[in-house]
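Residue-level structural notes
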Amino acid sequence: MIQFPPEPLVENTSPALSHIFEPIRADLEEVDREFGRHVESQVQLIPTIGKYIQTSGGKRVRPAVLLMAARLSGYRGDHAVLYAAVVEFIHTATLVHDDIIDGSDLRRGRLAVHSRWGNDITVLLGDYLYIKSMAMALTYDTLDIVRVLCDVTLRMIEGELYQLTKNGDADITEDEHFDIIRRKTAYLFGGCAQIGGLLGKVNREKEEALREYGFNLGIAFQLIDDLLDFTGNLTTVGKPIGADLREGKMTLPLIHLFRQDEEVGEKIVRDIIAARSASEEQWQELLHILKEHRSIDYAYRRAVEYAERAKRPLHAAFPPGSERDALLSLPDYVLSRDR
């Protein structure tokens, strides 16, 4: 579990994700069916792997943001389900490629696709999912939405390439780290909410409010995800704790620690990155130093900052209502995540 600061920065009253998503539960089930329909192929390997991915868990937060934003924008048609499935295709393609790049054997507690079927097949599957997502997006005459999807996908790939150039760089700055988060995570979240507004044909002010909501929610989501590398456990997180650092990735708690001129902690971090492994003794010592210098608390406070930033544009642009309340509950859920 995340170690919250001694005095909570926000009141931990976030509802369960199932409660937040209840108004769109049927739509999310339809998104899963749509995903399954679109991985059907005469090449049997594609639906086999597609079903494996579908049944491996995942919270469907991105599709849910799109569906809720569409409802908030007054849209009640069936196009939202298709675009939510498109988003899930794009996200899944990114995950299977990332796992190869990172050398991650597990994804959500199960063998990653490349660990089970090999790198060659997995690369091609990721390519298939990317292309299929754009083909799906072109089902309807909505080029404005296709442009958003293309833009966020390009930014995600740029983010992955940029992160690779910084892999193993213990001296990465906080600004550089946030640039990676924006590209790899935040733009897709922002695009999901923006597409909901485009479906509802809201005015420019409301469309921008939705985009800002999703963008800041995505940053908070990724910051908490990074924290779980230090505060979670293998069973709930679904991947070995400390995996990010062993893969050479510097995240916000470590960047903050390096600013404290903590020589022992810095040496441990550099040794782990160089060896791409960590002993239990090294890891426990590093956790102690991170807590001692409140580096975990710092990263959590930044996540709270972005969660609050996510809420403000919705308060300003939309009247109270169940859909707005559901979207406003998501940032609090994100802050309380333990997996």
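Structure: see above.
Residues numbered from 1 in each chain as written. Predicted model: local features only at pLDDT ≥ 70, side-chain atom pairs only at ≥ 80, totals over all residues. Heavy atoms only, no water.

So, the overall build of the chain
- Along the chain, the regular secondary structure elements total 17 helices and 2 strands.
- A compact globule built from 339 residues should have a C-alpha radius of gyration of about 20 Å, and the chain, at 20 Å, falls within 12% of that.
- Structurally, the chain occupies a C-alpha span of about 60 × 50 × 30 Å along its principal axes.
- Counting the 339 residues in the chain, one finds 56% classified as buried.
- Sequence separation of at least 24 residues holds for 76% of the intrachain contacts in the chain that already meet a minimum separation of 6.
- Summed over all atoms, the accessible surface of the chain reaches about 14,900 Å², with 50% contributed by carbon and sulfur.
- For the chain, the separation between the mean place of its 41 positive charges and that of its 53 negative charges on side chains is 4 Å. (Helix = DSSP H or I, 4+ residues; strand = E, 2+ residues; numbered from the N terminus. Rg over C-alpha atoms; globule rule 2.2 N^0.38 Å. Buried < 20%, exposed > 50% of the residue type's maximum accessible area, 1.4 Å probe, protein only. Contact = heavy atoms within 4.5 Å. Areas by Shrake-Rupley, 256 points an atom, 1.4 Å probe, with all protein chains shown as cover. Lys, Arg positive; Asp, Glu negative; His and termini not counted. Charge placed at Lys NZ, Arg CZ, Asp CG, Glu CD.)

A word on the packing of helix α5 (residues 79–102) against helix α8 (residues 143–166)
- Running from amino to carboxyl end, α5 crosses α8 at an angle of 15 degrees, the nearest separation of the two axes being 12 Å. Taken together, the axis directions place α5 and α8 in an arrangement best described as roughly parallel. For the element pair α5 and α8, the recorded crossing hand is right-handed. Of the residues in α8, those touching α5 at Tyr83, Val86, Val87, Ile90, Thr94, Asp98 and Ile101 are Ile145, Leu149, Thr153, Met156, Glu160 and Leu164.
- Of the residues in the contact of α5 with α8, the class split is 9 nonpolar, 2 polar and 2 charged. (Axes fitted to C-alpha atoms, helices over the stretch in contact; angles between N-to-C directions. Parallel < 35°, antiparallel > 145°, perpendicular 65-115°, else oblique. Left-handed = near helix turned anticlockwise from the far one by under 90°. Nonpolar A, V, L, I, M, F, W, Y, C, P; charged D, E, K, R; others polar.)

Description of a nonpolar patch on the surface
- A cluster of nonpolar side chains, Ile101, Ile157, Leu161 and Leu164, forms an exposed patch at the surface whose accessible area comes to about 330 Å².
- Among the elements that make up the nonpolar patch, the one with the highest residue count is α8 (3 residues).
- Assignment of secondary structure puts Leu164 in helix α8. (Patch = residues over 30% accessible without salt bridge, like charges linked within 9 Å, V, L, I, M, F, W, Y side chains within 5 Å. Salt bridge = Lys/Arg side-chain N within 4 Å of Asp/Glu carboxyl O.)

Brief notes about the pattern of salt bridges
- Applying the stated criterion across every chain yields a total of 34 salt bridges.
- Of the charged contacts in the structure, one is a salt bridge between Lys249 and Asp102, with a shortest N-O distance of 2.8 Å. With Lys249 in the loop between α12 (243–246) and α13 (252–258) and Asp102 in helix α5, the pair connects residues that are 147 residues apart, well separated along the chain.
- Of the residues examined, Asp102 reaches a relative accessible area of 19% and is grouped as buried.
- Connected through shared salt-bridge partners, Glu174, Arg259, Arg302, Glu305 and Arg309 make up one network.

Some remarks on the nonpolar core
- Counting 110 residues, the largest nonpolar core has Leu149 and Leu286 as the members making the most contacts within it.
- For Leu149, the contacting residues outside a window of four places in its chain are Tyr83, Val86, Val87, Ile90, Met134, Ala137 and Ile195. (Core = buried A, V, L, I, M, F, W, Y, C linked by side-chain atoms within 4.5 Å.)

Overview of the side chain of Thr185
- Among the structural elements, Thr185 can be located in helix α9 (residues 174–199).
- If near-sequence neighbours (up to four positions away) are discounted, Thr185 is found in contact with Arg62, Gly218 and Gln222.

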